[in-house]
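# Structure at a glance
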Amino acid sequence: MRAAGRRAPPAFFLALAFAMIWSSAARAKTTTIDDSGTQALEPSVALRWKTPAPSRSGANNLMIGTTTIRVRLNVAPWLRHSGRIYLNLPAQMPGPIAASWITQGRFLPGEVHSGNRMLLYAGPISTPILEDVLKVQFSVDGALIRRAFPVTFRFEMEEN
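Keep in mind that this is a model prediction, so the values were computed, not measured.

Another point: the pattern of salt bridges. Taken as a whole, this structure holds 4 salt bridges when the rule is applied. One salt bridge in this structure joins Arg117 and Glu156, with 3.2 Å as the shortest N-O distance. Taken together, the positions of Arg117 in strand β8 (residues 116–125) and Glu156 in strand β10 (residues 154–159) put the pair 39 residues apart, joining distant regions of the chain. You can call Arg117 partly exposed: its relative accessible area is 29%.

Put into structure tokens, the structure is as follows:
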């Protein structure tokens, strides 16, 4: 037992610092999932102004568009394990993009902004294929759009 008012030895703080560094370095492994069975039911998304008339001041120039995506993920490598699946929306042209979605129940609804990822599923992997249908709404600043552009995303498995 330590006497009241006595300071912890420097070795304690060193061990604590190493424990903090070690725990942050022991992050989960992330792997891109084979989503070759995934298909967009509408191959192109028609964007429209969110408000009836775009602002002349440059503010509130948001354009939105909706599509349906049938997600089919090959999770066979993680069968009989637990995992966390994320939808990753990388930073891309023409600039910041947001995507929000609702599901038919297998996956979680959510929203993600370009350059980030959002949890889509967490739990046991009991079948080799996970499927769901996402109704996705994309939004982007209309001032950035000059022509049609592709939107890329991927699904990632995070293992412990």
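Read across the sheet, 4 strands follow the order β1-β10-β5-β8 without closing on themselves; strand pairing throughout is antiparallel. Both outer strands of the open sheet, β1 (29–32) and β8, are each paired with one neighbouring strand and no more. Neighbour-to-neighbour, the strand axes of the sheet open up by a mean angle of 30°, direction not taken into account. By the bridge criterion, 9 bridges tie strand β5 (residues 81–89) to β8 in an arrangement that is antiparallel. The residue of β8 that forms the bridge with Tyr86 is Leu119.

For the rest of this paragraph, the subject is the pairing of β5. As paired strands, β5 and β10 are joined by 5 bridges and run antiparallel to one another. For Asn88, the partnering residue across the bridge sits in β10 and is Arg154.

What counts, and where the lines are drawn
- Residues numbered from 1 in each chain as written.
- Predicted model: local features only at pLDDT ≥ 70, side-chain atom pairs only at ≥ 80, totals over all residues.
- Heavy atoms only, no water.
- Salt bridge = Lys/Arg side-chain N within 4 Å of Asp/Glu carboxyl O.
- Helix = DSSP H or I, 4+ residues; strand = E, 2+ residues; numbered from the N terminus.
- Buried < 20%, exposed > 50% of the residue type's maximum accessible area, 1.4 Å probe, protein only.
- Pairing = 2+ DSSP bridges.
- Axes fitted to C-alpha atoms, helices over the stretch in contact; angles between N-to-C directions.

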